[in-house]
Amino acid sequence: DKGINYYKVLGIDEYGTNDEVKKAYRKLSLTYHPDKTTGKTQEEKDEMAEIFMEVKNAYKTLSDEPTRRQYDFERDRDAVSADTHGKKVQEKVSFNAREAMKKILERAKENQKAPSEVVRIPVQIRLEKLVYGGHKAIKRSRQVKDRFYGDFTESIRTFRVDIPVGAEQPWTAE
């Protein structure tokens, strides 16, 4: 369809090479392929399937040289014709890969975890464990961010601390 800008759909320059077309297609198909939509709502699946169809059509058109030349020729002819008659080129609203990738990167930055930190906890253990070695189970509560609602819930987790044989002062185990 000459009304859709397939270069925008793939997020590439109009003078991009076939390798760039292939690379953009592979990157987008990994994100929007119908097999990658498990766990999503039906509405999201339908939207991603529609986007994937646009990406696939763009790839089919732009990866084949004769088809690409014909597509570019018709787009240029329509642009010149519209410009000559003082009209705007009618371009259909379609998927924009650059905008989508920006949104994905922004979302990834928002969901990025803060760097972890070492927590030192004083623990009482028997003297025999320091001499002969062993392990100690420690229960700790922590705040966990809920993926769906965004609020925090308290989670109790059990950690196993292995104490090496003949641990020396300052009696620490990491």
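So, a few notes on the structure that sits alongside this text. Model, not experiment: these values are computed from the prediction.

## Focus on the packing of aromatic side chains
- With the rule as written, the count across this model stands at three aromatic pairs.
- Considering the side-chain rings of Tyr 7 and Tyr 71, the 6.2 Å spacing of their centres and the 45 degrees angle between planes classify their relative orientation as tilted. Separated by 64 residues along the polypeptide, Tyr 7 in helix H1 (residues 6-10) and Tyr 71 in helix H4 (residues 65-84) bring together distant segments of the chain. One exposure class covers both Tyr 7 and Tyr 71, and it is buried.
- An aromatic cluster of at least three residues, connected via ring pairs, comprises Tyr 6, Tyr 7 and Tyr 71.

## Brief notes about a nonpolar patch on the surface
- A cluster of nonpolar side chains, Val 119, Ile 121, Val 123 and Ile 125, forms an exposed patch at the surface whose accessible area comes to about 280 Å².
- Turning to its location among the elements, Ile 121 is positioned in the loop between helix H5 (97-110) and helix H6 (127-132).
- On the basis of relative accessible area, Ile 121 is assigned to the partly exposed category, the value being 36%.

## Some details on a negative patch on the surface
- On the surface, Glu 43, Glu 44, Asp 46, Glu 47 and Glu 50 cluster together into a negatively charged patch.
- Structurally, the position occupied by Glu 44 is in helix H3 (residues 42-63).

Rules and cut-offs
Residues numbered from 1 in each chain as written. Predicted model: local features only at pLDDT ≥ 70, side-chain atom pairs only at ≥ 80, totals over all residues. Heavy atoms only, no water. Phe/Tyr/Trp six-rings, centres within 6.5 Å; stacked < 30°, edge-to-face > 60°. Helix = DSSP H or I, 4+ residues; strand = E, 2+ residues; numbered from the N terminus. Buried < 20%, exposed > 50% of the residue type's maximum accessible area, 1.4 Å probe, protein only. Patch = residues over 30% accessible without salt bridge, like charges linked within 9 Å, V, L, I, M, F, W, Y side chains within 5 Å. Areas by Shrake-Rupley, 256 points an atom, 1.4 Å probe, with all protein chains shown as cover. Salt bridge = Lys/Arg side-chain N within 4 Å of Asp/Glu carboxyl O. Lys, Arg positive; Asp, Glu negative; His and termini not counted. Charge placed at Lys NZ, Arg CZ, Asp CG, Glu CD.

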